[in-house]
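# Secondary and tertiary structure notes
One-letter residues, chain by chain:
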Amino acid sequence: MTLISAHQRHQRLVAGERDALNAPRVCPRVDAAHLAVLVGVGVGAGFLSALFGIGGGVVMVPALHYGLGYGWAHATAISLAAIAVTTPSGVLAHARRGAVDWRLAWPLAVGGLAGVTAGAWLQPRIEVPWLKLLFAGLMALGAWRMLRPALHARWHTRHPAFLLALGLACGVISKLLGIGGGLLSVPALALTGTAIRVAVGSSLVPVFTNAAFASASHLAKGVALLPGLALAAGGLLGVPFGARAAHRLPEAGLRRAFATALAAAAIAIAITSGAF
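Okay, so let's go over this structure.

Thresholds, definitions, all that
- Residues numbered from 1 in each chain as written.
- Predicted model: local features only at pLDDT ≥ 70, side-chain atom pairs only at ≥ 80, totals over all residues.
- Heavy atoms only, no water.
- Salt bridge = Lys/Arg side-chain N within 4 Å of Asp/Glu carboxyl O.
- Buried < 20%, exposed > 50% of the residue type's maximum accessible area, 1.4 Å probe, protein only.
- Helix = DSSP H or I, 4+ residues; strand = E, 2+ residues; numbered from the N terminus.
- Expected span 1.5 Å × (residues − 1).
- Bend = angle between axes of the 7 residues up to and from the residue.
- Contact = heavy atoms within 4.5 Å.
- Phe/Tyr/Trp six-rings, centres within 6.5 Å; stacked < 30°, edge-to-face > 60°.

Turning to the pattern of salt bridges, a few remarks are in order. Throughout the structure, instances matching the rule amount to one salt bridge. Here Arg103 ties to Asp101 by a salt bridge, and the two come within 3.3 Å at their closest N and O atoms. The class for Asp101 is buried, based on a relative accessible area of 11%.

So this is what it looks like as C-alpha coordinates:
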(Lines give C-alpha, C1' and ligand atoms only; values in the text may rest on other atoms or scores of the structure.)
Protein backbone atom coordinates (compact mmCIF):
# COMPACT_ATOMS: atom_id res chain seq x y z
CA MET A 1 0.00 0.00 0.00
CA THR A 2 1.36 3.42 -0.98
CA LEU A 3 1.24 6.00 1.80
CA ILE A 4 0.72 9.66 0.95
CA SER A 5 1.03 12.71 3.16
CA ALA A 6 -1.90 14.88 4.21
CA HIS A 7 -0.56 17.64 1.98
CA GLN A 8 -0.48 15.33 -1.06
CA ARG A 9 -4.01 14.15 -0.29
CA HIS A 10 -5.21 17.76 -0.08
CA GLN A 11 -3.51 18.60 -3.37
CA ARG A 12 -5.20 15.68 -5.09
CA LEU A 13 -8.60 16.75 -3.77
CA VAL A 14 -8.01 20.31 -4.99
CA ALA A 15 -6.93 19.10 -8.42
CA GLY A 16 -9.98 16.86 -8.69
CA GLU A 17 -12.37 19.68 -7.93
CA ARG A 18 -10.47 22.06 -10.22
CA ASP A 19 -10.92 19.67 -13.13
CA ALA A 20 -14.59 18.98 -12.38
CA LEU A 21 -15.98 21.72 -14.61
CA ASN A 22 -14.49 20.18 -17.72
CA ALA A 23 -15.97 16.77 -17.05
CA PRO A 24 -19.62 15.91 -17.72
CA ARG A 25 -21.56 16.04 -14.46
CA VAL A 26 -24.49 13.80 -13.55
CA CYS A 27 -27.17 15.75 -11.73
CA PRO A 28 -27.64 14.50 -8.15
CA ARG A 29 -30.90 12.66 -7.63
CA VAL A 30 -33.46 15.43 -7.23
CA ASP A 31 -36.25 13.95 -5.15
CA ALA A 32 -39.13 15.95 -3.70
CA ALA A 33 -37.21 16.86 -0.54
CA HIS A 34 -34.10 18.01 -2.41
CA LEU A 35 -36.25 19.96 -4.86
CA ALA A 36 -38.04 21.67 -1.98
CA VAL A 37 -34.72 22.67 -0.42
CA LEU A 38 -33.47 24.11 -3.72
CA VAL A 39 -36.67 26.13 -4.15
CA GLY A 40 -36.30 27.33 -0.56
CA VAL A 41 -32.73 28.46 -1.22
CA GLY A 42 -33.99 30.28 -4.31
CA VAL A 43 -36.76 31.98 -2.34
CA GLY A 44 -34.22 33.15 0.22
CA ALA A 45 -31.82 34.40 -2.44
CA GLY A 46 -34.58 36.24 -4.31
CA PHE A 47 -35.97 37.75 -1.12
CA LEU A 48 -32.59 39.02 0.07
CA SER A 49 -31.67 40.21 -3.41
CA ALA A 50 -34.77 42.40 -3.64
CA LEU A 51 -34.61 43.49 0.00
CA PHE A 52 -30.98 44.60 0.02
CA GLY A 53 -30.10 45.00 -3.65
CA ILE A 54 -27.43 42.29 -3.60
CA GLY A 55 -26.84 39.60 -6.19
CA GLY A 56 -28.47 36.24 -5.55
CA GLY A 57 -25.24 34.41 -6.36
CA VAL A 58 -23.71 35.62 -3.09
CA VAL A 59 -26.36 33.55 -1.30
CA MET A 60 -26.80 30.65 -3.72
CA VAL A 61 -23.17 29.57 -4.19
CA PRO A 62 -22.35 29.16 -0.46
CA ALA A 63 -25.72 27.47 0.15
CA LEU A 64 -25.14 24.98 -2.66
CA HIS A 65 -21.50 24.29 -1.82
CA TYR A 66 -21.43 24.36 1.97
CA GLY A 67 -25.08 23.55 2.69
CA LEU A 68 -26.00 20.99 0.03
CA GLY A 69 -22.59 19.53 -0.76
CA TYR A 70 -22.25 20.47 -4.43
CA GLY A 71 -18.70 20.78 -5.74
CA TRP A 72 -17.50 24.37 -6.08
CA ALA A 73 -17.47 24.33 -9.87
CA HIS A 74 -20.92 22.75 -10.08
CA ALA A 75 -22.34 25.19 -7.51
CA THR A 76 -21.13 28.22 -9.47
CA ALA A 77 -22.53 26.77 -12.71
CA ILE A 78 -25.95 26.13 -11.15
CA SER A 79 -26.00 29.64 -9.67
CA LEU A 80 -25.33 31.18 -13.09
CA ALA A 81 -28.14 29.11 -14.62
CA ALA A 82 -30.57 30.48 -12.04
CA ILE A 83 -29.33 34.03 -12.65
CA ALA A 84 -29.81 33.62 -16.42
CA VAL A 85 -33.45 32.62 -15.89
CA THR A 86 -34.40 35.25 -13.30
CA THR A 87 -32.56 38.35 -14.57
CA PRO A 88 -34.59 39.18 -17.73
CA SER A 89 -37.63 40.18 -15.66
CA GLY A 90 -35.43 42.65 -13.78
CA VAL A 91 -34.01 44.07 -17.01
CA LEU A 92 -37.52 44.62 -18.40
CA ALA A 93 -38.77 46.20 -15.18
CA HIS A 94 -35.86 48.67 -15.09
CA ALA A 95 -36.13 49.38 -18.82
CA ARG A 96 -39.81 50.30 -18.46
CA ARG A 97 -38.79 52.87 -15.85
CA GLY A 98 -36.06 54.28 -18.06
CA ALA A 99 -33.34 53.00 -15.76
CA VAL A 100 -31.34 51.13 -18.42
CA ASP A 101 -28.82 53.23 -20.31
CA TRP A 102 -28.02 51.11 -23.34
CA ARG A 103 -24.92 53.21 -24.08
CA LEU A 104 -23.54 51.76 -20.86
CA ALA A 105 -25.16 48.34 -21.04
CA TRP A 106 -23.96 47.18 -24.46
CA PRO A 107 -20.22 47.84 -23.97
CA LEU A 108 -20.46 46.18 -20.55
CA ALA A 109 -22.18 43.18 -22.13
CA VAL A 110 -19.65 42.87 -24.97
CA GLY A 111 -16.75 43.11 -22.54
CA GLY A 112 -18.51 40.60 -20.30
CA LEU A 113 -18.71 37.97 -23.02
CA ALA A 114 -14.96 38.27 -23.53
CA GLY A 115 -14.54 38.06 -19.76
CA VAL A 116 -16.61 34.87 -19.50
CA THR A 117 -14.43 33.34 -22.21
CA ALA A 118 -11.30 34.37 -20.33
CA GLY A 119 -12.79 33.05 -17.09
CA ALA A 120 -13.44 29.68 -18.72
CA TRP A 121 -9.76 29.51 -19.65
CA LEU A 122 -8.65 30.61 -16.19
CA GLN A 123 -10.95 28.41 -14.09
CA PRO A 124 -9.15 25.07 -14.48
CA ARG A 125 -5.84 26.87 -13.90
CA ILE A 126 -6.79 28.43 -10.55
CA GLU A 127 -7.00 26.20 -7.50
CA VAL A 128 -10.39 26.13 -5.76
CA PRO A 129 -9.07 27.55 -2.45
CA TRP A 130 -8.02 30.75 -4.23
CA LEU A 131 -11.43 31.00 -5.91
CA LYS A 132 -13.05 30.69 -2.49
CA LEU A 133 -10.77 33.42 -1.17
CA LEU A 134 -11.76 35.68 -4.08
CA PHE A 135 -15.42 34.92 -3.40
CA ALA A 136 -14.93 35.90 0.24
CA GLY A 137 -13.42 39.19 -0.92
CA LEU A 138 -16.49 39.90 -3.08
CA MET A 139 -18.75 39.08 -0.13
CA ALA A 140 -16.81 41.56 1.98
CA LEU A 141 -17.27 44.15 -0.77
CA GLY A 142 -21.00 43.43 -0.71
CA ALA A 143 -21.08 43.98 3.06
CA TRP A 144 -19.25 47.29 2.68
CA ARG A 145 -21.65 48.39 -0.07
CA MET A 146 -24.63 47.69 2.19
CA LEU A 147 -23.19 49.83 4.95
CA ARG A 148 -22.28 52.62 2.50
CA PRO A 149 -25.01 52.52 -0.17
CA ALA A 150 -24.46 56.13 -1.30
CA LEU A 151 -21.36 56.57 -3.44
CA HIS A 152 -20.24 59.99 -4.66
CA ALA A 153 -18.75 60.45 -8.10
CA ARG A 154 -14.95 60.52 -8.10
CA TRP A 155 -14.42 60.87 -11.84
CA HIS A 156 -16.67 61.22 -14.86
CA THR A 157 -16.14 58.97 -17.84
CA ARG A 158 -18.23 56.92 -20.25
CA HIS A 159 -15.37 56.08 -22.54
CA PRO A 160 -16.05 52.79 -24.34
CA ALA A 161 -12.60 51.48 -23.40
CA PHE A 162 -13.40 51.91 -19.70
CA LEU A 163 -16.79 50.22 -20.08
CA LEU A 164 -15.32 47.33 -22.07
CA ALA A 165 -12.59 46.83 -19.45
CA LEU A 166 -15.15 46.94 -16.63
CA GLY A 167 -17.33 44.46 -18.49
CA LEU A 168 -14.32 42.20 -19.05
CA ALA A 169 -13.53 42.16 -15.32
CA CYS A 170 -17.17 41.46 -14.43
CA GLY A 171 -17.33 38.61 -16.95
CA VAL A 172 -14.24 36.95 -15.49
CA ILE A 173 -15.61 37.29 -11.94
CA SER A 174 -18.99 35.98 -13.05
CA LYS A 175 -17.56 32.83 -14.63
CA LEU A 176 -15.14 32.08 -11.81
CA LEU A 177 -17.49 32.71 -8.88
CA GLY A 178 -21.03 32.11 -10.14
CA ILE A 179 -22.24 35.65 -9.45
CA GLY A 180 -23.67 38.22 -11.84
CA GLY A 181 -20.90 40.80 -11.54
CA GLY A 182 -23.12 43.62 -10.33
CA LEU A 183 -21.16 43.81 -7.07
CA LEU A 184 -18.33 45.22 -9.17
CA SER A 185 -20.10 47.13 -11.95
CA VAL A 186 -22.70 49.00 -9.86
CA PRO A 187 -20.23 50.77 -7.53
CA ALA A 188 -17.83 51.38 -10.43
CA LEU A 189 -20.56 53.08 -12.46
CA ALA A 190 -21.76 55.03 -9.43
CA LEU A 191 -18.23 56.33 -8.88
CA THR A 192 -18.24 57.69 -12.44
CA GLY A 193 -21.33 59.80 -11.76
CA THR A 194 -24.05 57.41 -12.97
CA ALA A 195 -27.26 57.58 -10.94
CA ILE A 196 -27.52 54.50 -8.75
CA ARG A 197 -30.83 53.33 -10.24
CA VAL A 198 -29.35 53.61 -13.76
CA ALA A 199 -26.18 51.83 -12.61
CA VAL A 200 -28.28 48.96 -11.24
CA GLY A 201 -30.57 48.74 -14.28
CA SER A 202 -27.76 48.98 -16.80
CA SER A 203 -25.65 46.40 -14.94
CA LEU A 204 -28.45 43.84 -15.13
CA VAL A 205 -27.98 43.59 -18.91
CA PRO A 206 -24.40 42.20 -18.71
CA VAL A 207 -25.41 40.17 -15.64
CA PHE A 208 -27.91 38.37 -17.88
CA THR A 209 -25.63 38.01 -20.92
CA ASN A 210 -22.73 36.78 -18.77
CA ALA A 211 -24.89 34.18 -17.01
CA ALA A 212 -26.61 33.05 -20.21
CA PHE A 213 -23.35 32.69 -22.15
CA ALA A 214 -21.67 30.79 -19.31
CA SER A 215 -24.72 28.52 -18.91
CA ALA A 216 -24.75 27.71 -22.62
CA SER A 217 -21.08 26.74 -22.34
CA HIS A 218 -21.81 24.56 -19.31
CA LEU A 219 -24.67 22.80 -21.09
CA ALA A 220 -22.42 22.13 -24.08
CA LYS A 221 -19.96 20.43 -21.71
CA GLY A 222 -22.67 18.28 -20.18
CA VAL A 223 -22.85 20.05 -16.81
CA ALA A 224 -26.17 19.25 -15.12
CA LEU A 225 -28.04 22.52 -14.57
CA LEU A 226 -31.48 21.18 -13.63
CA PRO A 227 -31.12 22.35 -10.00
CA GLY A 228 -30.72 25.88 -11.35
CA LEU A 229 -34.31 25.82 -12.58
CA ALA A 230 -35.55 25.02 -9.07
CA LEU A 231 -33.43 27.86 -7.69
CA ALA A 232 -34.80 30.18 -10.35
CA ALA A 233 -38.39 29.24 -9.55
CA GLY A 234 -37.77 30.00 -5.89
CA GLY A 235 -36.04 33.25 -6.78
CA LEU A 236 -39.00 34.44 -8.83
CA LEU A 237 -41.24 33.69 -5.85
CA GLY A 238 -38.98 35.44 -3.35
CA VAL A 239 -38.31 38.70 -5.22
CA PRO A 240 -41.82 40.24 -4.83
CA PHE A 241 -41.81 39.55 -1.08
CA GLY A 242 -38.36 41.08 -0.72
CA ALA A 243 -39.40 44.18 -2.68
CA ARG A 244 -42.49 44.56 -0.48
CA ALA A 245 -40.48 44.08 2.70
CA ALA A 246 -37.95 46.69 1.58
CA HIS A 247 -40.66 49.35 1.85
CA ARG A 248 -42.07 48.15 5.18
CA LEU A 249 -39.18 47.03 7.37
CA PRO A 250 -36.62 49.26 9.12
CA GLU A 251 -33.93 49.36 6.45
CA ALA A 252 -30.97 50.71 8.44
CA GLY A 253 -31.03 48.02 11.11
CA LEU A 254 -31.61 45.25 8.59
CA ARG A 255 -28.73 46.44 6.44
CA ARG A 256 -26.35 46.47 9.40
CA ALA A 257 -27.46 43.00 10.49
CA PHE A 258 -27.15 41.43 7.07
CA ALA A 259 -23.88 43.22 6.31
CA THR A 260 -22.51 41.80 9.55
CA ALA A 261 -23.67 38.31 8.54
CA LEU A 262 -22.09 38.70 5.09
CA ALA A 263 -18.81 39.86 6.62
CA ALA A 264 -18.82 36.95 9.08
CA ALA A 265 -19.52 34.49 6.25
CA ALA A 266 -16.72 36.03 4.19
CA ILE A 267 -14.29 35.59 7.06
CA ALA A 268 -15.39 31.98 7.60
CA ILE A 269 -15.02 31.15 3.89
CA ALA A 270 -11.60 32.78 3.78
CA ILE A 271 -10.39 30.92 6.88
CA THR A 272 -11.67 27.53 5.68
CA SER A 273 -10.72 28.06 2.01
CA GLY A 274 -7.46 26.15 2.29
CA ALA A 275 -5.56 28.96 0.59
CA PHE A 276 -3.37 29.58 3.64
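From this point, the narrative continues.
This paragraph deals with the environment of His247. Of note, His247 is situated in the loop between α10 (226-246) and α11 (251-272). C-alpha of His247 to C-alpha of Leu51: the two residues are 196 residues apart in sequence and 8.6 Å apart in space.

With 21 residues, α10 should reach 30 Å at 1.5 Å per residue; the first-to-last C-alpha distance of 30 Å fits that figure. Largest kink in α10: about 30 degrees, centred on Gly238, with the proline Pro240 one to four residues after it. Those residues of α10 that fall on the buried side of the exposure criterion are Pro227, Gly228, Ala230, Leu231, Ala232, Gly234, Gly235, Gly238, Gly242 and Ala245. Buried-residue contacts for α10 involve α2 (32-52), α3 (57-67) and α4 (72-96).

With that out of the way, let us pick up the packing of aromatic side chains. Any aromatic ring pair is given by two values, namely how distant the centres are and how the planes are angled relative to each other. Following the criterion strictly, the structure yields two aromatic pairs and no others. Relative to Phe135, the ring of Trp72 lies with its centre 5.5 Å away and its plane at 90 degrees, an arrangement referred to as edge-to-face. Of this pair, Trp72 sits in helix α4 while Phe135 sits in helix α6 (residues 128-147), and the two are 63 residues apart along the sequence. Phe135 gets classed as buried once you look at its relative accessible area, which sits at 1%.

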